[in-house]
Amino acid sequence: MEFFVDTADVDEVRRAEDYGFLDGVTTNPSLVADSGRELEDVVLDICEMVEGPVSVEVTATETEGMLEEGRRYAEWADNVIIKVPLTPDGVRACNRLTDDGIGVNVTLCFSPNQALLAARAGATYISPFVGRLDDIGHPGMESVETIVDIYDNYDHIETEVLAASIRHPRHVTKAALADADVATVPFDVIEQMFQHPKTDLGLESFLDDWNDAQ
Ligand code: G3P
């Protein structure tokens, strides 16, 4: 499973990249707004730091507006891919951006049927939102599992399943068990993934024994 970081904070991207396992970045309008910076400045900084795909989401809601934004954003850097929402207009835009040779991440996916439509539209990635389904008492990861199973039935489907709306390390484990192609993980969750008290205690014990023997 590949790891993307879900952030528009360039310092978080830099720190995640520094670990050596970062495969890409996903942003969204809320994350960019939180950064307090202009979209283009954020995207150019991130695209400078990582080689993998950087998802940049359109804010238009009509197909033509999505196409104008997507084609413009895709010009900013070779590793920009365009995020469109899973709406009829978004799926139409996905089809046409894909025909332009532009990578598309179809986002705000909450059902396998939506994922089927995105795959038929040639999406590069589909982003099922796990946490937001969990938030309303639905089994979010089951959606990922079902989408992976459906896609695996058809050799011609090349759309990659990008588990999104990850809330905690357990979601990452479950996404890997579900055979998701990618998990896009908030930086604080990446940091939590390193943590285990037995590791800390074990390291302390090794060093104590080593130092006692000097
Ligand atoms: O950026 C897409 C997705 O990962 C955001 O999820 O629910 O944390 O806003 P959420």
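Residues numbered from 1 in each chain as written. Predicted model: local features only at pLDDT ≥ 70, side-chain atom pairs only at ≥ 80, totals over all residues. Heavy atoms only, no water.

S.K.: I'm lost on the overall build of the protein in this one. Help?
M.R.: When helices and strands are tallied, the protein shows 11 helices and 8 strands. Relative to a compact globule of 214 residues, whose C-alpha radius of gyration would be 17 Å, the protein shows 19 Å and is just as compact. Counting only C-alpha atoms and orienting by the principal axes, one finds that the protein spans roughly 70 × 40 × 30 Å. Residue burial in the protein is summarised as follows: out of 214 residues, 47% are buried. (Helix = DSSP H or I, 4+ residues; strand = E, 2+ residues; numbered from the N terminus. Rg over C-alpha atoms; globule rule 2.2 N^0.38 Å. Buried < 20%, exposed > 50% of the residue type's maximum accessible area, 1.4 Å probe, protein only.)

S.K.: Even after reading the chapter, I still don't get the nonpolar core, so can you show me in this structure?
M.R.: One recurring pattern in soluble globular proteins: nonpolar side chains tend to sit buried together. Counting residues in hydrophobic clusters, the biggest one holds 62 residues, and the most contacted among them are Val84, Val106, Ile126 and Val144. Once residues within four sequence positions are removed from consideration, Ile126 is found in contact with Leu86, Asn105, Val106, Cys109, Ala115, Ala118, Ile147, Tyr151, Thr159, Glu160, Val161 and Leu162. By size, the runner-up hydrophobic cluster in this structure holds 7 residues, among which are Ile81, Tyr125, Leu162 and Ala164. (Core = buried A, V, L, I, M, F, W, Y, C linked by side-chain atoms within 4.5 Å. Contact = heavy atoms within 4.5 Å.)

S.K.: Would you explain the environment of Ala183 in this entry?
M.R.: Residue placement: Ala183 occurs in strand β8 (residues 182-185). If we skip the residues at most four places from it in the chain, Ala183 touches Met1, Glu2, Phe3, Phe4 and Ala163.

S.K.: Even after reading the chapter, I still don't get the side chain of Asn79, so can you show me in this structure?
M.R.: Within the secondary structure, Asn79 is located in the loop between α4 (63-74) and β4 (80-85). Dropping the residues within four chain positions of it, Asn79 is found in contact with Cys47, Val50, Glu51, Gly52, Pro53 and Val54.

S.K.: Explain the site of the ligand to me, please; I cannot follow it from the model alone.
M.R.: In the vicinity of the ligand, the contacting residues are Asp6, Asn28, Lys83, Phe129, Arg132, Ala164, Ser165 and Arg167. In the environment of the ligand, an oxygen atom lies 2.8 Å from a nitrogen or oxygen atom belonging to the side chain of Asn28. In this structure, Lys83 approaches the ligand through a side-chain N or O atom, which is 3.3 Å from an oxygen atom. With the chains in place, 85% of the 300 Å² that the ligand exposes on its own is no longer accessible. (Near = heavy atom within 4 Å. Polar contact = N/O pair within 3.5 Å; in protein donor to acceptor, adjacent residues only side chain to side chain. Areas by Shrake-Rupley, 256 points an atom, 1.4 Å probe, with all protein chains shown as cover.)

S.K.: I keep staring at the packing of aromatic side chains and nothing clicks. Help me out?
M.R.: Two aromatic rings are characterised by how far apart their centres lie and by the angle between their planes. Counted under the stated rule, the structure contains 7 aromatic pairs. Where Phe4 meets Tyr125, the ring centres are 5.7 Å apart and the plane angle is 75 degrees; that geometry is what we call edge-to-face. Note that Phe4 is positioned in strand β1 (residues 2-6) and Tyr125 in strand β6 (residues 125-128), a separation of 121 residues in sequence. For the residue pair Phe4 and Tyr125, the accessibility class agrees, reading buried in each case. Through pairs of rings, three or more aromatic residues link up here, namely Phe3, Tyr19, Phe21 and Phe194. (Phe/Tyr/Trp six-rings, centres within 6.5 Å; stacked < 30°, edge-to-face > 60°.)

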